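Here are the chains, one letter per residue:
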Amino acid sequence: MTQREVFLRHVAQTSPVPMAFEIAKAEGCLLYDVQGKEYIDLIGGISVANVGHRHPKVIEAIQKQLDAYLHVMVYGEFVEIPQVQYAELLTDNLPSSLNSVYFTNSGAEAVEGAMKLAKRITNRTQIIAFNKSYHGSTQGALSIMGDEYWRNAFRPLLPNVLHLEYNLFESLNEITEQTACVIAETVQAEAGIILPAQKWIQALRKKCTETGTLLVLDEIQTGFGRTGKLWGFEHFDIVPDILLLGKALGGGMPLGAFIADKKLMDAFTENPVLGHITTFGGHPVCCAAGMAAMKALLDEKMIEVVKQKEELFKSLLVYPPKGGHSPKIQAVRSFGMWMAVEFDSFETNKKVIDACIVNGVLTDWFLFAPNCLRISPPLTITEEQIRKAYEIIIKA
Ligand code: PLP
């Protein structure tokens, strides 16, 4: 049997047509398959590899931590330097009310922890989320997923969850003194990069404050410079009560976090004590890797050139230098190094994606926008790589 056949037989499958890309190596913005063929990575592990694959500082930090210790104790008992230092670095780069970090293994676990914390703080049970939002696949996170197609087969799910329309002012009337928290993506990722109207998201913040509801912003995709600022919420002049992080947080290692004021977070220490427990959350190797990635992001000033790269990529797609904008492209939405190229249908998009892969560009579509091609490469993508990727997309 080939490795591909073993993969299909023994690695649990979640799709009838997996990409089955046979990866041999990843470096910076490039992936190599087992034949040694090179690909420009426009997926970035789905907004994970913001500082590039295998950034040398990340590899060095992992190797250093391997020599000290791996897992030693369940979360929150030992003073583990990688956790402590990363929590300090994160909170130094956040508004003062976001000063206590709970590290998890994944984004979905951060969502779960935040929902529990909101219920515990407010003594309320209603959770509000938005249509076309994706927050993870565990049962709590699935309960707030914004599409009945994915939820339905797994019912019963969490009770008292309400889904509202994103960007609609009338939706906000549904937030009341019964609502524990509103969970929103700062920018809707899997909907195909849908930005909130500034006035709407500010009104959402205000309504939450007025009703004593916690505002939870999911920045699992928007975090770590993807949008051209360190955090997505900085564009909209608001601060959440709880911030959710994941993906790029671990620099390529599995790590999630929910971050709140210590006054809120301390609710987990009593009634019941050990209100939220994890064995591996905040694993020292993952924290060491994540911290090295965040330092590289800041020290190497990667975020400062995101806007410039976005403008280059977008202008090529919208105003191709050789003229004759492809009539197949219906729209290009972007927010930093994060773009959705919209086609008339999934079928067209799929043909473009397949042709891109054949020609050396790795891309895919969005969960709730299957007609949109995803561009979310490492922020370190070079101008030359952008131009090459554009040529391949247009040819496709
Ligand atoms: N929230 C958002 C916006 C996501 O895109 C994802 C994953 O794609 C999650 C939460 C869940 O993260 P994880 O897959 O690490 O559980």
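Residues numbered from 1 in each chain as written. Predicted model: local features only at pLDDT ≥ 70, side-chain atom pairs only at ≥ 80, totals over all residues. Heavy atoms only, no water.

**Looking at helix α5 (residues 107–122)**
Spanning 16 residues, α5 covers 23 Å between terminal C-alpha atoms, matching the ideal 22 Å at 1.5 Å per step. What α5 keeps buried is the set Gly 107, Ala 108, Ala 110, Val 111, Gly 113, Ala 114, Met 115, Leu 117, Ala 118 and Thr 122. The backbone nitrogen of Glu 109 has a side-chain oxygen 3.2 Å away, supplied by the residue at the start of α5, namely Ser 106. Phi turns positive, to about 60°, at Asn 123, one or two residues after α5. (Helix = DSSP H or I, 4+ residues; strand = E, 2+ residues; numbered from the N terminus. Expected span 1.5 Å × (residues − 1). Buried < 20%, exposed > 50% of the residue type's maximum accessible area, 1.4 Å probe, protein only. Polar contact = N/O pair within 3.5 Å; in protein donor to acceptor, adjacent residues only side chain to side chain.)

**A few points about the environment of Asn 152**
With respect to the helices and strands, Asn 152 occurs in helix α7 (residues 148–152). Each C-alpha atom, one on Asn 152 and one on Leu 142, is 9.8 Å from the other, the two residues being ten residues apart in sequence.

**Some thoughts on the packing of helix α4 (residues 81–92) against helix α10 (residues 284–299)**
Close contact between α4 and α10 brings their axes to 8 Å; oriented N to C, the two are set at 35°. Handedness of the crossing formed by α4 with α10: left-handed. Where α4 abuts α10, its residues Pro 82, Gln 83, Gln 85, Tyr 86, Leu 89 and Leu 90 lie against Pro 284, Cys 287, Ala 288, Gly 290, Met 291, Met 294 and Lys 295. Residue classes in the contact of α4 with α10 are distributed as nine nonpolar, three polar and one charged. (Axes fitted to C-alpha atoms, helices over the stretch in contact; angles between N-to-C directions. Left-handed = near helix turned anticlockwise from the far one by under 90°. Contact = heavy atoms within 4.5 Å. Nonpolar A, V, L, I, M, F, W, Y, C, P; charged D, E, K, R; others polar.)

**Looking at the packing of helix α11 (residues 306–318) against helix α13 (residues 383–395)**
Orientation of α11 relative to α13, taken along the N-to-C sense of each, is 25°, at an axis distance of 10 Å. Here α13 runs roughly parallel to α11, going by the angle between their axes. The element α11 and its partner α13 pack so that their crossing is right-handed. Here α11 contributes Lys 309, Leu 312, Phe 313, Leu 316 and Leu 317 to the contact with α13, which in turn contributes Glu 383, Ile 386, Arg 387, Ala 389, Tyr 390, Ile 393 and Ile 394. Along the lines of polarity and charge, the residues of the contact of α11 with α13 split into nine nonpolar, no polar and three charged. (Parallel < 35°, antiparallel > 145°, perpendicular 65-115°, else oblique.)

**Considerations on the sheet that holds strand β12 (residues 339–342)**
The strands making up a sheet associate through hydrogen bonds between their backbones, and the pairing can be parallel or antiparallel. Overall, antiparallel pairing links the four strands, which are arranged β11-β12-β15-β14 in an open sheet. Bordering the open sheet on either side are β11 (331–334) and β14 (365–366), each of which pairs with just one other strand. (Pairing = 2+ DSSP bridges.)

**A short note on the domain arrangement of the protein chain**
When cut into domains, the protein chain gives domain 1 (3–53 + 301–395) and domain 2 (57–299). Here domain 1 and domain 2 have C-alpha centroids that lie 26 Å from each other. Between domain 1 and domain 2, the residue contacts involve 25 residues of the former and 35 residues of the latter. Approximately 2,600 Å² of surface area, both sides summed, lies buried where domain 1 meets domain 2, with 66% of it carried by carbon and sulfur atoms. When residues of domain 1 are sorted by the area they lose upon contact with domain 2, Phe 335, Trp 338 and Phe 368 head the list and together hold 33% of the total. Linking domain 1 with domain 2 are one salt bridge. Linking domain 1 with domain 2 are 14 residue pairs in polar contact (both at pLDDT 80 or more), by the criterion used here. (Domains from an automatic or database assignment. Buried area = accessible area lost by both parts, 1.4 Å probe. Salt bridge = Lys/Arg side-chain N within 4 Å of Asp/Glu carboxyl O.)

**Here's the deal with the sheet that holds strand β8 (residues 214–218)**
Across the sheet, seven strands lie side by side as β4-β10-β9-β8-β7-β5-β6; this open sheet has mixed pairing. Strands at the two margins of the open sheet, each flanked by one partner only, are β4 (100–104) and β6 (161–164). Across the sheet, the mean angle separating the axes of adjacent strands is 20° when strand polarity is ignored. α4 contacts β4 and β9 (242–245) of the sheet and is inclined by roughly 125° relative to β4.

**Some points on the site of the ligand**
Around the ligand, the surrounding shell consists of Ser 106, Gly 107, Ala 108, Tyr 134, His 135, Gly 136, Glu 185, Asp 218, Ile 220, Gln 221 and Lys 247. Interatomic distance of 2.8 Å between a backbone N/O atom of Gly 107 and an oxygen atom of the ligand. For the shell around the ligand, a count of residues per class yields three nonpolar, five polar and three charged. (Near = heavy atom within 4 Å.)

**Concerning a nonpolar patch on the surface**
The grouping of Val 72, Met 73, Val 74 and Phe 78 at the surface amounts to a nonpolar patch, some 300 Å² of accessible area in total. Turning to its location among the elements, Phe 78 is positioned in the loop between α3 (56–66) and α4. We classify Phe 78 as partly exposed; its relative accessible area is 45%. (Patch = residues over 30% accessible without salt bridge, like charges linked within 9 Å, V, L, I, M, F, W, Y side chains within 5 Å. Areas by Shrake-Rupley, 256 points an atom, 1.4 Å probe, with all protein chains shown as cover.)

**Details of the packing of aromatic side chains**
Enumeration according to the criterion identifies 14 aromatic pairs in this entry. Arranged with centres 4.5 Å apart and planes meeting at 35°, the rings of Tyr 75 and Tyr 102 form a pair that is tilted. Of this pair, Tyr 75 sits in the loop between α3 and α4 while Tyr 102 sits in strand β4; the two residues are 27 residues apart in sequence, bridging distant segments of the chain. Tyr 75 gets classed as buried once you look at its relative accessible area, which sits at 16%. You can call Tyr 102 buried: its relative accessible area is 7%. (Phe/Tyr/Trp six-rings, centres within 6.5 Å; stacked < 30°, edge-to-face > 60°.)

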